[in-house]
Amino acid sequence: MRLPIFTQNPTRPVEIKDRSLSDLMDAMQYTGFQGRKLAESVKAWENMLKDENVTIFMGLSGAMVPAGMRKVITYLIENRLIDCLVSTGANIFHDCHEALGLKHYVGSHMANDEELFEHGVDRIYDVFAYEEEFRNTDHFIADFAKRHDGEQYSSREFISLLGKEISEKGDDQSIIASAYKHNVPIFIPALCDSSIGIGLTIARRLGCNVNIDQIKDVDEITQMVELSEKTGVVYVGGGVPKNFIQQTEVVASIMGHEVAGHEYAIQYTADVPHWGGLSGCTFDEAVSWGKIAKEAKKVQVFMDATIALPIVTQTLYEKTNDQVRKAPSFNWEEGQAKIYFETI
């Protein structure tokens, strides 16, 4: 009997044998549930890298740097698996913290928090850090800001200057140092909601005023979309970084540009759609806003990003390490973005 078209592709049991992670991911495309979605996300990202003239934006939320994802993000930047990073301020603060030789520590979610407080230890679920060391980093940022008294920057410009400072200190494992060296812009649209904002506040109280123009951020990243033939997005979690990238399509449309939405869309999130929040909302919902193209190659993986990111990035390393990509790069002159392409 001839099977209906929707039952012509059977699942395939995963075999346990000696093979690469990329080979395992290929096999998992024929499994089910989030295992298949994880494999599909790798395929979508791989196709996005092969597609010509695609600018890839990554949104980074959640405490990824304290949780050990710092070098994963650095790899994505250095090898141009992403072309622009939009992050929470917290992740970039923690990146600076480690760049200065300070640490986060393996802890326990079962710790006594009152006892931790008495010892000056802050807890991020099962990761520990010293409050005094965090405050040292706050003051490092404040001291850096003092050298730019009276200046006005977009967050991209400010973080690029901070990345240059970190780079000159010799920490090439830093996210912002790598972004500076490889001309990958980093935007922090809610910069004041982080310890970077605390550092700038310290500087202000000491009479130094560095103004971060967040509306300039909106204009700059929208110009990147307007100049790009195609765009793709990869979201780690959701929150402000996700919406900041999503809304570029709406802003560009309002400004009179013909845009059809992001053409590739990947997300790793532990949130779910039915609470109505952005972090869990589906890409299908985003189509209604014009943020995601209706024909977009879209994959959402509902799992902890600290599991997904290392597996996906290691797989992409195996699949793309010997490939050459013609990546879009941007610079800004008198407030206007310009795009050019370089072989990576």
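(A) Structural detail: the state of the cysteines. All chains considered together, the criterion is met by 0 disulfides. Note on cysteine 84: no disulfide assigned, nearest cysteine sulfur contributed by cysteine 96 at a separation of 17 Å. Take cysteine 84: its relative accessible area is 0%, and that puts it in the buried class. As a non-bridged cysteine, cysteine 281 has cysteine 84 as the owner of its nearest cysteine sulfur, 20 Å distant. We classify cysteine 281 as buried; its relative accessible area is 6%.

(B) The arrangement of the pattern of salt bridges in detail. Counted according to the given criterion, the structure contains 21 salt bridges. Notably, a salt bridge pairs arginine 19 with aspartate 23, separated by 3.7 Å at the nearest N-O pair. The partner of lysine 50 in a salt bridge is glutamate 46, with the nearest N and O atoms 3.5 Å apart. Residue lysine 50 and its partner glutamate 46 are located together in helix H2 (residues 33-50), separated by 4 residues, close to a single helical turn. Judged by its relative accessible area of 48%, lysine 50 falls in the partly exposed class. On the basis of relative accessibility, which here comes to 6%, the residue glutamate 46 falls in the buried class. Here the salt bridges do not stand alone but share partners, grouping Asp26, Glu46, Lys50 and Lys319 into one network.

(C) Broad picture of the pairing of strand E2 (residues 84-87). Burial along E2 is two-sided: Cys84 and Val86 facing one way and Leu85 and Ser87 facing the other are all buried. The sheet contact formed by strand E1 (residues 54-60) and E2 spans 4 bridges and is parallel. Within E2, the position partnered with leucine 60 by the bridge is serine 87. Judged from the 2 bridges that link them, E2 and strand E7 (residues 186-187) form a sheet pairing that is parallel. In the strand pairing of E7, valine 86 is matched with phenylalanine 187.

(D) Here's a closer look at the nonpolar core. Judged by nonpolar contacts, the single largest core of 67 residues is most densely connected at Trp45, Ile159, Ile196 and Tyr268. Looking at this core, the element that brings in the most residues is H2, giving 7 residues. Not counting the four nearest positions on each side in its chain, tryptophan 45 is found in contact with Met58, Leu76, Leu81, Ile82, Val234, Ile266, Tyr268, Val312 and Leu316. Formed by 20 residues, the second largest nonpolar core is a distinct cluster that contains Val86, Phe244, Phe330 and Ala337.

(E) View of the sheet that holds strand E10 (residues 262-269). Across the sheet, which stays open at both edges, the 6 strands sit in the order E7-E2-E1-E9-E10-E11 with parallel pairing between neighbours. The two strands at the open ends of the sheet, each matched to only one other strand, are E7 and strand E11 (292-302). Sheet topology note: the E1/strand E9 (residues 230-236) ladder contains 7 bridges and is parallel. The residue of E9 that forms the bridge with phenylalanine 57 is valine 233.

(F) Fine view of the packing of helix H3 (residues 70-78) against helix H13 (residues 305-320). Close contact between H3 and H13 brings their axes to 10 Å; oriented N to C, the two are set at 35 degrees. Viewed along their axes, H3 and H13 form a crossing whose handedness is left-handed. Contacts from Val72, Ile73, Tyr75 and Leu76 in H3 reach Leu309, Thr313 and Tyr317 in H13.

What counts and how
Residues numbered from 1 in each chain as written. Predicted model: local features only at pLDDT ≥ 70, side-chain atom pairs only at ≥ 80, totals over all residues. Heavy atoms only, no water. Disulfide = S-S within 2.5 Å. Buried < 20%, exposed > 50% of the residue type's maximum accessible area, 1.4 Å probe, protein only. Salt bridge = Lys/Arg side-chain N within 4 Å of Asp/Glu carboxyl O. Helix = DSSP H or I, 4+ residues; strand = E, 2+ residues; numbered from the N terminus. Pairing = 2+ DSSP bridges. Core = buried A, V, L, I, M, F, W, Y, C linked by side-chain atoms within 4.5 Å. Contact = heavy atoms within 4.5 Å. Axes fitted to C-alpha atoms, helices over the stretch in contact; angles between N-to-C directions. Left-handed = near helix turned anticlockwise from the far one by under 90°.

Function cannot be read off these values alone, since they describe shape.
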